[in-house]
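# Notes for the structure review
Listed below, chain by chain, are the residues.
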Amino acid sequence: MLTWLTGDRFQLGDTTFQAMPDDYFDRGGMQITEGDFFVFKSPAEIEEFAKLLSDLQPRRIFELGIHGGGSAVLFAELTRPEKLVTIDLETLPDVRDRIHEHASVSGLGDSVRAFGGVDQGDQAELARLVDQEFGTAELDLVVDDCSHLYGPTKASFDALFPRLRAGGVYVIEDWRWGHTPLGQEEITNWAPEVPLSRLIAEVVLASATLPGLAAQITVESGGVAITRGDGPVKATDFDISALAERAEPNAPAAASERGSGRSPRAGSRWFPRRSG
Ligand SMILES: C[S@@+](CC[C@H](N)C(=O)[O-])C[C@H]1O[C@@H](n2cnc3c(N)ncnc32)[C@H](O)[C@@H]1O
């Protein structure tokens, strides 16, 4: 699938991509000029995405965080989607032109749409874009590689997770910066911010409150992938924090609180009933 030309440069069709080199941050984030598009991910992360896309075969993709446009073009080339929308706070007119031009030349027409000047924390604008670009069709994949800040990332999650289909996947990248090993704190500069890991913990807690919320949560060092379960979620005013705190009005009480008299652990997949 991906033909690696060097340790961090690869080719897909006629397009060459430059991945993030190992020493990118040591060099203070150098200007990348090699390859047609820069993908702001390590080679290992790119291979993980290639596997996810191959397994999931998403037709409708919403990406947050354009930067050099490499991930949007890569996802589009790997999936040939019905529609891929990508947004960024920066206007990035040249990058967006290159993305649209690449889509046109590679036969993707206007199925790839890049929008600048969109804040991932602006839920109304995200909802408007989803309505405009996807209509009532559900999303198969959302990839958030954007601010990596708790507030705006949660705002996007609350707006977009309800738009995913059951079995669709929501990826949140770079979630663990609040836990940088001792001695390396200076490379983050994010010390006063709420760690993004809080959102991951809330998703896990909410999935206990609402068992149909997530079918699977995969935590890896580079990102977290949440597969939507087949339970209903509120289409509007969805709030993962309220669910995590069990303050959501329509969250069901745990089985033990409903007075079933049965331990919620008994007979589950993890705690099978003992025979005899
Ligand atoms: C890590 S880069 C995206 C890299 C790209 N997905 C890739 O893999 O090549 C993060 C991007 O998020 C954008 N960004 C940061 N905060 C944002 C916000 N609140 N809303 C929208 N975009 C934001 C930045 O301008 C930047 O282009």
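Residues numbered from 1 in each chain as written. Predicted model: local features only at pLDDT ≥ 70, side-chain atom pairs only at ≥ 80, totals over all residues.

## A few points about the sheet that holds strand S1 (residues 3–4)
As summarised here, the arrangement of the four strands in space is S1-S2-S3-S4, forming an open sheet in which the pairing is mixed. Edge positions in the sheet fall to S1 and strand S4 (37–38), since each has one partner strand and no second. Note that strand S2 (residues 9–12) and strand S3 (residues 15–18) share four bridges and pair antiparallel. Bridging across to S3, Gln 11 finds its partner in Thr 16. (Pairing = 2+ DSSP bridges. Helix = DSSP H or I, 4+ residues; strand = E, 2+ residues; numbered from the N terminus.)

## Observations concerning the confidence of the model for the protein chain
In this model, the protein chain carries an average pLDDT of 88, and 83% of its residues clear a pLDDT of 70 or more. Contacts of residues 254–268 to residues separated by more than four positions or lying in other chains number twelve contacts, the stretch itself having pLDDT below 50. (pLDDT = per-residue confidence, 0-100. Contact = placed C-beta atoms within 7 Å.)

## Comments concerning the environment of Leu 160
Here Leu 160 shows up in helix H5 (residues 150–160). For Leu 160, a count of 21 C-beta atoms within 10 Å translates into the label buried. The contact partners of Leu 160, leaving out residues within four places of it in the chain, are Phe 62, Leu 126 and Val 142. (Buried ≥ 20, exposed ≤ 12 C-beta atoms within 10 Å, placed from the backbone.)

## Things to note about helix H1 (residues 43–56)
Taking 1.5 Å as the rise per residue, H1 with 14 residues should run 20 Å; its terminal C-alpha atoms sit 20 Å apart, in good agreement. Along its buried surface, H1 packs onto helix H2 (70–79). (Expected span 1.5 Å × (residues − 1).)

## Some remarks on the pairing of S3
The turn joining S2 and S3, which pair antiparallel and follow one another in sequence, is formed by two residues; a positive phi near 60° is taken by Gly 13. Sheet analysis places S3 next to S4, joined by two bridges and oriented parallel. The partner of Gln 18 across the bridge, within S4, is Phe 38.

## Description of the environment of Ala 50
By the element assignment, Ala 50 lies in helix H1. In this structure the C-alpha to C-alpha distance between Ala 50 and Phe 75, which are 25 residues apart in sequence, comes to 8.1 Å.

## Side note on the pairing of strand S8 (residues 139–144)
Both faces of the sheet carry side chains from a regular strand, because those side chains alternate between them. For S8, a buried count of six out of six residues is recorded, marking the element as mostly surrounded by other parts of the structure. Pairing of strand S5 (residues 60–64) with S8 involves four bridges; the strand directions are parallel. Each bridged residue has a counterpart across the sheet, and for Glu 63 the counterpart in S8 is Val 143. Looking at chain direction, S8 and strand S9 (residues 164–173) are connected through five bridges and run parallel. Bridge assignment links Val 143 to a residue of S9, and that residue is Val 171. Taken together, S8, H5 and S9 constitute a β-α-β crossover, and its handedness is right-handed. (Right-handed = clockwise from strand over helix to strand, strands pointing away.)

## Some details on the sheet that holds S8
Read from one edge to the other, the open sheet built from seven strands follows the order S7-S6-S5-S8-S9-S11-S10, with strand pairing classed as mixed. The open sheet has two edge strands, strand S7 (112–115) and strand S10 (214–219), and neither has a second partner. With strand direction ignored, the average angle separating the axes of adjacent strands in the sheet is 10°. Of the pairings in the sheet, the one linking S10 to strand S11 (residues 223–228) comprises five bridges and is antiparallel in character. Counted as the bridge partner of Ile 217 is Ile 226 from S11. (Axes fitted to C-alpha atoms, helices over the stretch in contact; angles between N-to-C directions.)

## Notes on the environment of Met 20
Tracing the backbone shows Met 20 in the loop between S3 and S4. The spatial distance from the C-alpha of Met 20 to the C-alpha of Phe 40 is 5.4 Å, given a sequence separation of 20 residues. Setting aside residues up to four positions removed in sequence, Met 20 forms contacts with Phe 40, Lys 41 and Ser 42.

## A closer look at unusual backbone geometry
Even without being a glycine, Arg 80 presents a positive backbone phi close to 45°. C-beta crowding within 10 Å serves as the criterion here: with 13 such atoms nearby, Arg 80 is assigned to the partly exposed category. Phi at Leu 92 takes a positive value of approximately 45°, unusual for a residue other than glycine. Relative to the elements of secondary structure, Leu 92 occurs in the loop between strand S6 (83–87) and helix H3 (93–105). Given 20 C-beta atoms within a 10 Å radius, Leu 92 is considered buried.

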